[in-house]
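Structural description and commentary
What follows is each chain in one-letter form.
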Amino acid sequence: MRPGKGKAISPSGDFGVARQVRQAPPTSPTPRSPQARLDRLDALRGLALVWMATFHFCFDLANERLIDANFYTDPLWTTQRTGILSLFLLCAGAGQAVATDQGQSWARFWRRWAQIVGCAALVSAGSAFMFPQSWISFGVLHGMAVMLIVARLTAGWGAWLWPLGGLALLLPQLVADPLFDTRLTNWVGLVTHKPITEDFVPVLPWLGVMWWGLAGTRWLLAHRRHWLSSGTLAPTVGGTSGHNDARAVTPCPRVWRLLTTLGRWSLTFYMVHQPVLIGGLMAWMQLSGHARP
């Protein structure tokens, strides 16, 4: 029942009381207190973005032969890629846990999903222009588009997500077939060898990481919800005006604000950071007269 509404007839059958309820001046609905932003998740996602941007800038420097680094075989860089991707997918799973906990509708889910698919298509087009022999057909955004649907459908599976995540991580080590080596099928992940591409994030094993992020965050939401929020910003209902007001409880460090802001705009940052980095690097090389070796 919405606030401010009364039953047409009282339990005792007193129609006079019912008329008084109907004739009373209308009252505005009691405002719902907004849900506190889980800023520690935002900050973790923002940290992953900063790490990713630093990694990509180093890749751009190596691609222009300004530094000597092998991003395809050197463990210094391949291990970082695994760490960055794992952090991203853990956060994506956590995001689905929060979305389902807050009752996100399927319509809103599909709107966000369509944005990810559109950005994935742009990544494929851009990589085909820059790296025609190793363009990205199934990178991180492509993989997330598929895995997010699976995560949404399985969000209520509870503790089963833990062993399923482990199985997803192990399965590519146990099963491989040439059938999955083509661009049309390698998205599954059961390949006999990695394809020649600038980014490859198949459903297996990476769905396991997202499932663990989903399972872990659902447990935290149920048992340790306060761990997900620093309490820096607390939603309150201000005074007697009835308007919602988010007031700072403690001063927020600039770095924390930067990370949480990046975390809330993760897809936008993901799409613009490389054009900005590459464009800035090209401009610097032109202005400084630095010729590519």
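Small disclaimer: the values here were computed from a predicted structure and weren't measured. (Residues numbered from 1 in each chain as written. Predicted model: local features only at pLDDT ≥ 70, side-chain atom pairs only at ≥ 80, totals over all residues. Heavy atoms only, no water.)

1. Things to note about the overall build of the chain
Helix and strand counts for the chain come out as nine helices and two strands. N-terminal to C-terminal, the α/β element order of the chain is α-α-α-α-α-α-α-β-β-α-α. Buried positions account for 38% of the 293 residues belonging to the chain. In the chain, 71% of the contacts between residues at least 6 apart in sequence involve partners at least 24 apart. On the chain, roughly 17700 Å² of surface is accessible, and the fraction owed to carbon and sulfur atoms is 65%. (Helix = DSSP H or I, 4+ residues; strand = E, 2+ residues; numbered from the N terminus. Buried < 20%, exposed > 50% of the residue type's maximum accessible area, 1.4 Å probe, protein only. Contact = heavy atoms within 4.5 Å. Areas by Shrake-Rupley, 256 points an atom, 1.4 Å probe, with all protein chains shown as cover.)

2. Some remarks on the pattern of salt bridges
The full count for this structure, using the stated rule, is four salt bridges. Aspartate 42 is the partner of arginine 264 in a salt bridge, and the nearest nitrogen-oxygen pair spans 4.0 Å. Here aspartate 42 lies in helix 2 (residues 39-63) and arginine 264 lies in helix 8 (residues 254-264), a separation of 222 residues in the sequence. Accessibility expressed as a relative area gives 2% for aspartate 42, which makes it buried. A salt bridge links aspartate 101 to arginine 225, with the nearest nitrogen and oxygen atoms 2.9 Å apart. Here aspartate 101, found in helix 3 (residues 75-101), pairs with arginine 225, found in the loop between helix 7 (203-223) and strand 1 (233-238); they are 124 residues apart in sequence, far enough to count as distant. Residue classification places aspartate 101 among the partly exposed residues on the basis of a relative accessible area of 38%. The exposure class of arginine 225 is partly exposed, given its relative accessible area of 34%. If you follow the salt bridges from partner to partner, you end up with Asp42, Arg45 and Arg264 in one network. (Salt bridge = Lys/Arg side-chain N within 4 Å of Asp/Glu carboxyl O.)

3. Focus: the confidence of the model for the chain
Here the chain averages 84 in pLDDT, and 80% of its residues register 70 or above. Confidence, read as mean pLDDT per element, is least for helix 1 (residues 15-23) in the chain (38) and greatest for helix 5 (residues 140-153) (98). Below a pLDDT of 50 lies the segment residues 1-34, which in the model reaches 16 contacts outside its immediate sequence neighbourhood of four places, other chains included. Across residues 234-250 the pLDDT falls below 50, and counting only partners more than four positions away or on other chains, this stretch makes 30 contacts in the model. (pLDDT = per-residue confidence, 0-100.)

4. Topic: the packing of aromatic side chains
As enumerated under the stated definition, the model contains eleven aromatic pairs in all. Each ring, one from tryptophan 110 and one from tryptophan 113, has its centre 5.3 Å from the other, and the planes form 90°; the classification is edge-to-face. With tryptophan 110 and tryptophan 113 both in helix 4 (residues 106-130), this residue pair falls three residues apart, about one helical turn. Given the relative accessible area of 37%, tryptophan 110 is considered partly exposed. Overall, tryptophan 113 belongs to the partly exposed group, its relative accessible area being 24%. Taken together, the ring pairs connect Phe55, Phe59, Phe71, Trp77 and Phe131 into an aromatic cluster. Note that arginine 152 overlies the ring of tryptophan 106, its terminal NZ or CZ placed 4.6 Å from the centroid. (Phe/Tyr/Trp six-rings, centres within 6.5 Å; stacked < 30°, edge-to-face > 60°. Lys NZ or Arg CZ within 6 Å of the ring centre and 35° of its normal.)

5. Quick word on the environment of valine 188
Along the chain, valine 188 turns up in the loop between helix 6 (161-174) and helix 7. With 15 residues separating them in the primary sequence, valine 188 and valine 203 have C-alpha atoms 5.3 Å apart. Apart from the residues lying within four places of it in its own chain, the contact partners of valine 188 are Phe180, Pro202, Val203 and Leu204.

6. Section: the nonpolar core
Among soluble globular proteins, nonpolar side chains are generally buried collectively. If you look at the biggest cluster of nonpolar residues, it comprises 60 residues, and the most contacted ones within it are Leu89, Leu141 and Met147. Sorting the residues of this core by element identifies helix 2, helix 3, helix 4, helix 5, helix 6, helix 7 and helix 9 (266-288) as the ones contributing at least two each. Per-element accounting of this core gives the leading share, eleven residues, to helix 7. (Core = buried A, V, L, I, M, F, W, Y, C linked by side-chain atoms within 4.5 Å.)

7. A short note on the environment of cysteine 58
Tracing the backbone through its elements, the reader meets cysteine 58 in helix 2. Along the primary structure cysteine 58 and tryptophan 77 are separated by 19 residues, whereas in three dimensions their C-alpha atoms are 9.6 Å apart. When residues no more than four places from it in sequence are discounted, the contact partners of cysteine 58 are Ile67, Phe71 and Trp77.

8. Focus: the packing of helix 2 against helix 3
Where helix 2 meets helix 3, the axes come as close as 10 Å, and the angle between the chain directions of the two elements is 150°. Considering the angle they form, helix 2 stands roughly antiparallel to helix 3. The two elements helix 2 and helix 3 cross, and the hand of that crossing is left-handed. Only Trp77, Gln80, Arg81, Gly83, Ile84, Leu87, Phe88, Cys91, Ala94 and Val98 of helix 3 make contact with helix 2, whose side of the interface consists of Leu41, Leu44, Arg45, Ala48, Leu49, Trp51, Met52, Phe55 and Cys58. Residues of the contact of helix 2 with helix 3, tallied by class, amount to 15 nonpolar, two polar and two charged. (Axes fitted to C-alpha atoms, helices over the stretch in contact; angles between N-to-C directions. Parallel < 35°, antiparallel > 145°, perpendicular 65-115°, else oblique. Left-handed = near helix turned anticlockwise from the far one by under 90°. Nonpolar A, V, L, I, M, F, W, Y, C, P; charged D, E, K, R; others polar.)

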